[in-house]
Amino acid sequence: MHIADASVGVLGANGVVAGGLTVAVGVGLSIKQRKTGQVCLCFFGDGAANRGPFHEALNLAVIWRLPVIFLCENNGWASSTPHQYACAVPDVAARAAGYGLPGVVVDGMDALEVYAAVRQAAERARAGGGPAFIEAKVVRWQGHYEGDPQGYRDRAEVADGKARDAIARLRSTLLAQSILTTEHVAEIERAADAEIDTAVAFGESSPLPRPEEALEDLYARGS
Amino acid sequence: MRKLTMAEALREALVEEMSRDPRVFLIGEDLRAGVPFGVTKGLADQFGEDRVLDTPISEAAIIGASLGAAITGMRPVADMHFADFVTCAMDEVVNQIAKVRYMFGGQVDAPLVLRMPTGNVKGAAAHHSQSLEAWFTHTPGLRVVFPSTPADAKGLLKTCIRSLDPVLFFEHKRLYKMTGEVPEEEVLIPLGKAGVKREGSDVTVVGTGWMVHQALEAADRLALEGVEVEVVDPRCLAPFDKATVFGSVSKRNRVVVVEEAVKTGAFGAQIAAWLAEELFDALDAPIQRVAAKDVPMPFSPPMEGFVIPGVDDVIAAVRRVL
């Protein structure tokens, strides 16, 4: 359920809100110790900004000047709890100042704006400039869990979010600037659909694991 | 053979492992000053401040960061200052560290050690005296180690630092100043191997930490009455050496399990359950347990003495099984 692919540096999703921030600090520490010039990008939501480890992780990343980008996807909802109610400040980025960090707010539904902010933060981190805090404002489409009917939300808010689809906006921009043609777009979308279709077919046709596999991978092999 | 205190033996283990492997580093509070227990004193001078990291009081970050470093190729040895403070980072230990290998299908190792100064030292009271091993033996994915002598501490800490699995390494605070023989040559004690601390024909006493020494003192006193007590120290709670413990109980047929943790749900209850389930026919008497009373640790000396188990409790329990 919580996916990781260590081979490409995706160190895992987390079932505990804010569970990854302190781990990201350790990755930043490790990057510095191993001198690899990498950056650790840590995603979390508005709900995570109210948990203790958020505070500890930011503080430690700053005092140790670690190459960690803390990226908050603020969609205004932690399950059914609105951010305006749960958070003492309207922008999570305002908290960054409490750690001596500039807090950057971007439109999270604008791919190019997000790209520019993360790129700047990554370059600064690689140059030894320490951590960054980016708050990306987004609108949540689906409910918190599969099957959540979202009765607690205003339908107009959901509709507005769908109207500001980041992918549709990027497509329009690239077409308008003649960076892509409609043929390119069709090919990209066809290839993406094919990749997903293949993956779904693979998943659906694969056998279920043997039940006894539940006992594997608890400890290192041979230990 | 030379004698070292447990603190000195642990320091030697850290020096040897840090010298051998540049990935090993220390992280925690007051490590450069080496207070209050002295284990890490001098290590920042020897290895540099880059490898002996002093932190703010941020247990969740200390432990979470240890995990992040461990899954990306480093070998952190974190110091919890007092085992009681691991409570400030239970998500990091139980949900993150213990489960990272399992959840991600073996993609990463988590080679980290959490050093846990544990147990009663007189007058430290409720927030600085706990014995919490059972919380972690109850968490699949963790190793739980609890040596009772300087030699065992050194040999086990070296092994734990080299392990690819996460370890909670409990160090009883009363044992930091206790001296014992420690071999000059390098010894690596494997995980899951108990130590028979005293052989005796009449009864097995299984004990951990400080209570091993209470059991040995009880055994000396009982020997004067002609009762010979065998004292077995599991040294590792997870993995647990059933073969050695069962082997002893099979021969002595009477067993007392002693520990300093509060009695209900302590790890000794699990040892007793294993014995009752798997070795029932070998028992000539019901299993007896010695542990602390089920209350937080009091400060007042007579109250504290009433709560924690001692030599007399071990002797009384042995008499009950004879």
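Now for the overall build of chain B. For chain B, the helix and strand inventory stands at 12 helices and 14 strands. Its C-alpha radius of gyration of 19 Å places chain B within 12% of the 20 Å reference for a compact globule of 322 residues. Along the first, second and third principal axes, the C-alpha set of chain B runs to 55 × 40 × 40 Å. A total of 322 residues make up chain B; the buried ones form 56% of that total.

So, about the overall build of chain A. Within chain A, the regular secondary structure consists of 7 helices and 6 strands. Each of the three principal axes of chain A carries a C-alpha extent, and together these read 50 × 50 × 40 Å. The proportion of buried residues among the 223 residues of chain A is 30%. Within chain A, counting contacts between residues at least 6 apart in sequence, those at least 24 apart form 68% of the total.

Glancing now at the confidence of the model for chain B. For chain B, per-residue confidence averages 98 on the pLDDT scale, and residues scoring 70 or more make up 100% of the total. The complex model carries a pTM of 0.96, and its ipTM stands at 0.94.

With 33 residues of chain B in contact, the opposing surface of chain A contributes 28 residues. Split into classes, the residues belonging to the side of chain B that touches chain A amount to 14 nonpolar, 14 polar and 5 charged.

To continue, consider the nonpolar core. Within the largest apolar cluster, 149 residues are counted, with the highest numbers of intra-cluster contacts made by A:Val25, A:Ile69, B:Val256 and B:Val318. For A:Ile69, the contacting residues outside a window of four places in its chain are A:Val39, A:Leu41, A:Cys42, A:Val118, A:Ala121, A:Ala122, A:Ala125, A:Pro131, A:Ala132 and A:Ile134.

Time to look at the sheet that holds strand β1 (residues 40-45) of chain A. All names here are of chain A. One open sheet holds the 4 strands; their spatial order is β1-β2-β6-β5, and the pairing between them is parallel. Of all the strands in the sheet, just β1 and β5 (103-107) have a single pairing partner and so form its edges. Put simply, the sheet's adjacent strands are angled 25 degrees from each other on average, direction ignored. The pairing of strand β2 (residues 68-74) with strand β6 (residues 132-137) spans 6 bridges and is parallel. Note on β6: the bridge partner recorded for Glu73 is Ala136. The sheet strands contacting helix α4 (residues 111-126) are β2, β5 and β6, and the helix crosses β6 at an angle near 170 degrees.

On to the sheet that holds strand β9 (residues 195-198) of chain B, then. Residue and element names in this part refer to chain B. Taken together, the 5 strands give an open sheet; going across it, the order is β9-β11-β10-β13-β14, and neighbouring strands pair in mixed fashion. At either margin of the open sheet sits one strand with a lone partner, and together these are β9 and β14 (288-292). Going across the sheet, the axis of each strand differs from the next one's by a mean of 25 degrees, ignoring polarity. Running over the sheet, helix α12 (residues 311-321) touches β10 (203-207), β11 (229-233), β13 (255-262) and β14 and is turned about 165 degrees from β14.

Looking now at the domain arrangement of chain B. Residue and element names in this part refer to chain B. Assigned domains of chain B: these are domain 1 (3-181) and domain 2 (195-321). Of note, the centres of domain 1 and domain 2, computed from C-alpha atoms alone, are 26 Å apart. The interface of domain 1 with domain 2 comprises 25 residues on the first partner and 23 residues on the second. Put simply, the parts of the chain that give the side of domain 1 that touches domain 2 at least two residues each are α6 (133-137), β6 (143-145), α7 (150-162) and β7 (167-172). Considering only residue class, the side of domain 1 that touches domain 2 consists of 11 nonpolar, 9 polar and 5 charged.

To continue, consider the pairing of β6(A). Residues and elements named next belong to chain A. With 5 of 6 residues buried, β6 is to be regarded as a mostly interior element. Where β5 and β6 come together, 5 bridges link them in parallel fashion. By the bridge assignment, Gly103 is partnered in β6 with Phe133. Where the polypeptide runs from β5 across α4 and back to β6, its parallel neighbour, the crossover connection is right-handed.

So, on to the packing of helix α1 (residues 21-34) of chain A against helix α2 (residues 52-63) of chain A. Relative placement of two packed helices is described by the angle separating their axes and the distance separating the axes. Residues and elements named next belong to chain A. Look at α1 against α2: their axes get within 8 Å of each other, and the N-to-C directions meet at 20 degrees. As the angle between them shows, α1 and α2 are arranged roughly parallel. Here α1 runs over α2; the crossing is left-handed. Note on element contacts: α2 touches α1 through Pro53, Phe54, Glu56, Ala57, Leu60 and Ala61, opposite Leu21, Thr22, Ala24, Val25 and Gly28. Residue composition of the contact of α1 with α2, by class: 8 nonpolar, 2 polar and 1 charged.

Attention now moves to the environment of B:Pro286. Residue and element names in this part refer to chain B. Inspection of the secondary structure puts Pro286 in the loop between α10 (267-278) and β14. Of the residues examined, Pro286 has 11 C-beta atoms within 10 Å and is grouped as exposed. When the C-alpha atoms of Pro286 and Arg320 are compared, they prove to be 8.9 Å apart, with 34 residues separating the residues in sequence.

Right, let's get into the packing of α1(A) against helix α3 (residues 59-70) of chain B. Running from amino to carboxyl end, α1(A) crosses α3(B) at an angle of 55 degrees, the nearest separation of the two axes being 6 Å. Between α1(A) and α3(B), the angle falls in the class oblique. Note that α1(A) runs across α3(B); the crossing there is right-handed. Listed contacts from α3(B) to A:Thr22, A:Val23, A:Ala24, A:Val25, A:Gly26, A:Val27, A:Leu29 and A:Ser30 of α1(A) are B:Ala60, B:Ala61, B:Gly64, B:Ala65, B:Ser66, B:Leu67, B:Gly68 and B:Ala69.

Between its terminal C-alpha atoms helix α7 (residues 182-205) of chain A stretches 34 Å, which fits the 34 Å expected from 24 residues at 1.5 Å a residue. Burial within α7(A) is sparse, with just 0 of its 24 residues counted as buried.

Bringing the environment of B:Ala69 into the picture now. Relative to the helices and strands, B:Ala69 is located in helix α3. Under the C-beta neighbour-count criterion, B:Ala69 is labelled buried, with 30 such atoms within 10 Å. Put simply, B:Ala69 and B:Val100 are 31 residues apart on the chain and 13 Å apart in space, counted from C-alpha to C-alpha. Those residues in contact with B:Ala69 that lie beyond four places of it in its chain are A:Gly26, A:Leu29, A:Ser30, B:Met74 and B:Pro76.

Quick notes on the rules
Residues numbered from 1 in each chain as written. Chains lettered and ligands numbered in written order. Predicted model: local features only at pLDDT ≥ 70, side-chain atom pairs only at ≥ 80, totals over all residues. Helix = DSSP H or I, 4+ residues; strand = E, 2+ residues; numbered from the N terminus. Rg over C-alpha atoms; globule rule 2.2 N^0.38 Å. Buried ≥ 20, exposed ≤ 12 C-beta atoms within 10 Å, placed from the backbone. Contact = placed C-beta atoms within 7 Å. pLDDT = per-residue confidence, 0-100. Nonpolar A, V, L, I, M, F, W, Y, C, P; charged D, E, K, R; others polar. Core = buried A, V, L, I, M, F, W, Y, C linked by C-beta atoms within 7 Å. Pairing = 2+ DSSP bridges. Axes fitted to C-alpha atoms, helices over the stretch in contact; angles between N-to-C directions. Domains from an automatic or database assignment. Right-handed = clockwise from strand over helix to strand, strands pointing away. Parallel < 35°, antiparallel > 145°, perpendicular 65-115°, else oblique. Left-handed = near helix turned anticlockwise from the far one by under 90°. Expected span 1.5 Å × (residues − 1).

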